[in-house]
Amino acid sequence: MKSGTMNGVDVDDGVPDMTVISDIDEHGINKNLQKRYKKNKIYTYTGPILVAVNPYQELPFYDHATVFAYHGHKIGTKDPHVFAIAEAAYRSLQTEEMNQSLVISGESGAGKTETTKFILEYLCSVTANISTWVQQQILEANTILEAFGNAKTIRNDNSSRFGRFMQVCFEPGFKIAGCVIQDYLLEQSRITHQSSKERNYHIFYQLTAAAQRDTSLANQYQVHPPSTYHYLNQSGCTKLDGVDDAAKFDALRLAFEVVQIPRESSDTIFSVLSAILWLGNLSYQQDTESDNHNENVTLTKEDQKIIQTVSQLLGIEAEKLKQVALVRQINISGNVTEIPLKLREA
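Residues numbered from 1 in each chain as written. Predicted model: local features only at pLDDT ≥ 70, side-chain atom pairs only at ≥ 80, totals over all residues. Heavy atoms only, no water.

Draft legend 1. A look at the packing of helix α12 (residues 301-314) against helix α13 (residues 318-326). Packing of α12 against α13 leaves a shortest axis separation of 9 Å and a crossing angle of 120 degrees. Here α12 lies oblique to α13, going by the angle between them. When the axes of α12 and α13 are compared, the crossing they make is right-handed. Each of Gln304, Ile307, Gln308, Val310 and Ser311 in α12 lies in contact with α13, whose residues at this interface are Ala318, Leu321, Lys322 and Ala325. A breakdown of the residues in the contact of α12 with α13 according to their chemical character gives 5 nonpolar, 3 polar and 1 charged. (Axes fitted to C-alpha atoms, helices over the stretch in contact; angles between N-to-C directions. Helix = DSSP H or I, 4+ residues; strand = E, 2+ residues; numbered from the N terminus. Parallel < 35°, antiparallel > 145°, perpendicular 65-115°, else oblique. Left-handed = near helix turned anticlockwise from the far one by under 90°. Contact = heavy atoms within 4.5 Å. Nonpolar A, V, L, I, M, F, W, Y, C, P; charged D, E, K, R; others polar.)

Draft legend 2. Layout of the layout of surface pockets. The space that makes up the largest pocket amounts to roughly 970 Å³. Around the largest pocket, the lining is made up of 29 residues, and of these Ser101, Leu102, Phe165, Met166 and Gln167 lie nearest the centre. Elements supplying a minimum of two residues to the lining of the largest pocket: α3 (82-96), α4 (112-126) and β7 (163-170). No other element matches β7, which puts 8 residues into the lining of the largest pocket. Residue composition of the lining of the largest pocket, by class: 18 nonpolar, 8 polar and 3 charged. (1 Å grid on protein atoms, 1.4 Å probe; cavity = no way out; pocket = protein on both sides within 12 Å on 5 of 7 lines; lining within 4 Å. Points joined across faces, edges and corners; volume = space filled by probe spheres on them.)

Draft legend 3. Representation of a nonpolar patch on the surface. On the surface, a cluster of nonpolar side chains totalling about 360 Å² of accessible area is made up of Phe165, Tyr184 and Leu185. Counting through the fold element by element, Tyr184 comes out in strand β8 (residues 176-184). Overall, the relative accessible area of 40% leaves Tyr184 in the partly exposed class. (Patch = residues over 30% accessible without salt bridge, like charges linked within 9 Å, V, L, I, M, F, W, Y side chains within 5 Å. Areas by Shrake-Rupley, 256 points an atom, 1.4 Å probe, with all protein chains shown as cover. Salt bridge = Lys/Arg side-chain N within 4 Å of Asp/Glu carboxyl O. Buried < 20%, exposed > 50% of the residue type's maximum accessible area, 1.4 Å probe, protein only.)

Draft legend 4. Spatial organisation of the pattern of salt bridges. One pass over the full model with this rule turns up 11 salt bridges. Here Arg91 and Glu87 are joined by a salt bridge, their closest N and O atoms 2.6 Å apart. Linking Arg91 with Glu87, this pair stays in helix α3, spanning 4 residues, or about one helical turn. Where Lys117 meets Glu114, a salt bridge forms, and the shortest distance between an N and an O atom there is 2.9 Å. In this pair, Lys117 and Glu114 are both assigned in helix α4, 3 residues apart and thus about one turn of the helix distant. The network of salt bridges with common partners includes Arg161, Glu187, Arg190 and Glu198.

Draft legend 5. Quick look at the pairing of β7. Bridging between β7 and β8 involves 8 bridges; their strand directions are antiparallel. The partner of Gly163 across the bridge, within β8, is Tyr184. Here β7 hands over to β8 after 5 residues, with Phe174 in that stretch at a positive phi of 65 degrees. (Pairing = 2+ DSSP bridges.)

Draft legend 6. Representation of unusual backbone geometry. Although it is not a glycine, Tyr56 adopts a positive phi angle of roughly 55 degrees. Inspection of the secondary structure puts Tyr56 in the loop between β4 (49-52) and α2 (64-70). You will see that Tyr284, though not glycine, has its phi angle at about 65 degrees, which is positive. Within the secondary structure layout, Tyr284 lies in the loop between α11 (263-279) and β9 (285-286). With relative accessibility at 14%, the residue Tyr284 sits in the buried group.

Shape descriptors only; they carry no functional weight alone.
As structure tokens, then:
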């Protein structure tokens, strides 16, 4: 792409729609995106596709003024923006009366989570007479999803470790009636193991940080500092720069209230989270007291204390929990067989 102008656009600053580039190839695409990125123009069209380059900083063009600057305008008539894509989908929904789909894809750290939030905020803002309560419920659902489904990775401090399908439902007058969210492919292995400098899911650090600030919370859920737990201390990273996990926990509790999760249910959720952390501290030892040569395991004295703590958190009998921790069950045609765990299995 040579210097000069193209369709009235100074190509030294890059072009807003790469379909006008005659010699388009991988190098040309990257060069154009780079030129625009240096000017804080993080959005570029390729026909109806919007390419977004994560700026890793807050930019001042997501406010209400920007929302209504794009509202009612066709795609391509203004600078490329995620709001333009959201507006195009919303207008097509009205004119064609057919379901519309927005596919947000990219590698880790590309900005998929933030883009999703911007689209939801736009739709909530431009929908006429939308209930403020419904709007808050839709937006606060993201707070809950991020707490339980996002984690710090090497490349991204707020990486979604799951996929989601969000269905925004509209009434006949094209007012938002609600939102259905389906999540899938949660990275379950992260709960028990994290690579160096990564973190477990945000919710665990939010809970432990809030408990350090509030002793009544710590006593209620029997929560200790993150350094106490194997599931949190193994990676060497328990805090994020510029992030107040305790404040995030307060925001999460508010989100629970907004989406009408009963206090009893939220208390149960936090108790289960605490129990998960304690179970990760079970260390086991080989059973040398009983006469066996099968390397069966038994609980250490510290494990016995953990079992008592977890049984209180989950509201189950300690002996039953101990049995679950030491044996596995196999169900064959309705017949249940219990097999003692070996040390390597536990």
